[in-house]
Amino acid sequence: MRRIMITGAAGLIGRMLRARWQARWPMVLVDRAEMDPPGPDETVVRCELTDADAMRAAMQGVDAVVHLGGVSTEAPWESIRDANIEGCYQTFEAARMAGVRRMVFASSNHAIGFYPRTARLDGSEAVRPDTRYGVSKVFGEALASLYADKFGLSAVCLRLGTARQPDEPGERRHLATWISHRDLAHLVERAIEADIHFEIVFGASRNREGWWPDEAARRIGYQPRDSADDWRDRVAEHANDRDPIARDLQGGIFCSWENTRMTGMAR
Ligand SMILES: NC(=O)c1ccc[n+]([C@@H]2O[C@H](COP(=O)([O-])OP(=O)(O)OC[C@H]3O[C@@H](n4cnc5c(N)ncnc54)[C@H](O)[C@@H]3O)[C@@H](O)[C@H]2O)c1
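Notes on the structure follow. This is a predicted model, so every value here is computed, not measured. (Residues numbered from 1 in each chain as written. Predicted model: local features only at pLDDT ≥ 70, side-chain atom pairs only at ≥ 80, totals over all residues. Heavy atoms only, no water.)

1. Here's the deal with the packing of aromatic side chains
Applying the stated criterion across every chain yields a total of eight aromatic pairs. Here Trp178 and Trp231 contribute two aromatic rings whose centre-to-centre distance is 6.4 Å and whose plane-to-plane angle is 70°, an arrangement assigned as edge-to-face. Of this pair, Trp178 sits in the loop between α5 (174–177) and α6 (181–193) while Trp231 sits in the loop between α7 (215–219) and α8 (239–242); the two residues are 53 residues apart in sequence, bridging distant segments of the chain. Relative accessible area serves as the criterion here: at 3%, Trp178 is assigned to the buried category. An aromatic cluster of at least three residues, connected via ring pairs, comprises Phe92, Tyr147 and Phe151. For Arg234, the ring lying beneath its charged end belongs to Trp231, and the centroid distance is 4.5 Å. (Phe/Tyr/Trp six-rings, centres within 6.5 Å; stacked < 30°, edge-to-face > 60°. Helix = DSSP H or I, 4+ residues; strand = E, 2+ residues; numbered from the N terminus. Buried < 20%, exposed > 50% of the residue type's maximum accessible area, 1.4 Å probe, protein only. Lys NZ or Arg CZ within 6 Å of the ring centre and 35° of its normal.)

And the structure:
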């Protein structure tokens, strides 16, 4: 029986996966925020990802890590650095020392956010991060590549589109980027189980307007069942859809924030 660690278990995706996997796998649930008390076959560890000793102790007997923990949007450098750079490094280190088999790293479409919406990407092109947050995801992908090649810690980096609560698209951009909770859980399960050394895989539902025709997703056996198309007529126009920078770029409003080149603002 696999033992799965979920970091960021108190967050949106962590809670969703925990609820779905309760009868399936023993889990170690890690977060700095409060979590529900442990059920049968669950261990709850409240700690910072940067706490190397705590992460090392929690990692014992773990087969696969689903690394969701970290700052999940743009933030001041110090927060990104502590959680997404140092915290990510300590998570990989603890996994390496414990002999973990598989790392599933929650990357993001914001690693490639400055590509135009007309581009079709498959993960093989150069990165174009749109934020400090996006840069931290590029760092995590690079770390995953290093640990796979040097230490045999096989890895799947999921460049997730948009997962939300409520479980539906919230602006026009999401008609391309949305991933339903059901598809996301299936994607992570495939990332845990696929026979793979290292992959970068985009994570979206079967959206007709999607930008990521993803061979790698097919290679790991991901077969999405939901589609943002079903919501097309119900998605109201959002201010982000009118932003002159956001509307042309895959990263949307993340590309607009603090942008001095395209707005002509003083640096
Ligand atoms: N939800 C999405 O649409 C989406 C899209 C792309 C990528 N992602 C990535 O997926 C992951 C999960 O996303 P989410 O929407 O559930 O985010 P979330 O913000 O709801 O959850 C992140 C969790 O990480 C925890 N955390 C942050 N810093 C920590 C630290 N230093 N030590 C311990 N715990 C820490 C937080 O307490 C939080 O519970 C994130 O890495 C995010 O960047 C999410």
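2. Thoughts on the sheet that holds strand β5 (residues 102–108)
Read across the sheet, seven strands follow the order β3-β2-β1-β4-β5-β6-β7 without closing on themselves; strand pairing throughout is parallel. What marks the edges here is a single partner per strand, and that holds for β3 (42–46) and β7 (198–203). Going from strand to strand, the sheet's axes swing by 15° on average, the running direction of each strand aside. Bridge count between strand β6 (residues 154–160) and β7: six bridges; the pairing is parallel. Within β7, the residue paired with Cys157 across the bridge is Ile200. (Pairing = 2+ DSSP bridges. Axes fitted to C-alpha atoms, helices over the stretch in contact; angles between N-to-C directions.)

3. Regarding the nonpolar core
Ranked by size, the top nonpolar core spans 34 residues in total, and within it Leu17 and Trp21 carry the most contacts. Here this core takes six residues from α6, the largest share from any one element. When sequence neighbours within four positions are dropped, the list of residues in contact with Leu17 reads Ile6, Val66, Leu68, Ala185 and Val188. Grouped together as the second largest cluster of nonpolar side chains are 26 residues, Val65, Tyr147, Ala155 and Ile200 included. (Core = buried A, V, L, I, M, F, W, Y, C linked by side-chain atoms within 4.5 Å. Contact = heavy atoms within 4.5 Å.)

4. Here's the deal with empty space enclosed by the protein
Counted by the stated rule, this structure contains one cavity of 30 Å³ or more. As a volume, the largest cavity reaches approximately 30 Å³. Every residue lining the largest cavity is listed: Val66, Leu68, Val104, Ala106, Leu158, Leu160, Leu184 and Val188. Secondary-structure elements contributing two or more residues to the lining of the largest cavity are β5, β6 and α6. Per-class residue counts for the lining of the largest cavity are eight nonpolar, no polar and no charged. (1 Å grid on protein atoms, 1.4 Å probe; cavity = no way out; pocket = protein on both sides within 12 Å on 5 of 7 lines; lining within 4 Å. Points joined across faces, edges and corners; volume = space filled by probe spheres on them. Nonpolar A, V, L, I, M, F, W, Y, C, P; charged D, E, K, R; others polar.)

5. Structural notes on the layout of surface pockets
The calculated volume of the largest pocket comes to roughly 970 Å³. Ile13, Val71, Ser72, Thr73 and Tyr133 are the residues nearest the centre of the largest pocket, which is lined by 47 residues in total. At the level of elements, α1 (12–21), β2 (27–31), α3 (77–98), β5, α4 (132–151) and α9 (253–256) are the ones that each hand at least two residues to the lining of the largest pocket. Looking at the lining of the largest pocket, its residues break down into 18 nonpolar, 22 polar and seven charged. Space inside the second largest pocket adds up to approximately 330 Å³. Taken together, 16 residues line the second largest pocket, and the ones lying closest to its centre are Ser205, Arg206, Trp212, Asp214 and Pro224. When its residues are assigned to classes, the lining of the second largest pocket shows nine nonpolar, three polar and four charged.

6. Notes on α4
Under the 1.5 Å per step criterion, the end-to-end length of α4 is 28 Å for 20 residues, consistent within 8% with the ideal 28 Å. Three or more residues of α4 are buried, namely Tyr133, Gly134, Ser136, Lys137, Gly140, Glu141, Leu143, Ala144, Tyr147 and Ala148. Where α4 is buried, its residues contact α3, β5, β6, β7 and α9. Immediately beyond the C-terminal end of α4, within one or two residues, lies Gly152, with a positive phi of roughly 75°. (Expected span 1.5 Å × (residues − 1).)

7. Observations regarding the side chain of His67
With respect to the helices and strands, the residue His67 is situated in strand β4 (residues 64–67). For His67, the residues in contact, after removing those within four places along its chain, are Thr7, Leu49, Cys88, Thr91, Met103, Val104, Phe105 and Ala106.

8. Concerning the environment of Ser205
On the secondary structure map, Ser205 appears in the loop between β7 and α7. Overall, the relative accessible area of 8% leaves Ser205 in the buried class. For the pair Ser205 and Ser180, spaced 25 residues apart in sequence, the C-alpha to C-alpha distance is 6.4 Å. Residue contacts for Ser205: discarding those within four places in its chain leaves Trp178, Ile179, Ser180, Asp183, Tyr222, Pro224, Asp226 and Ser227.

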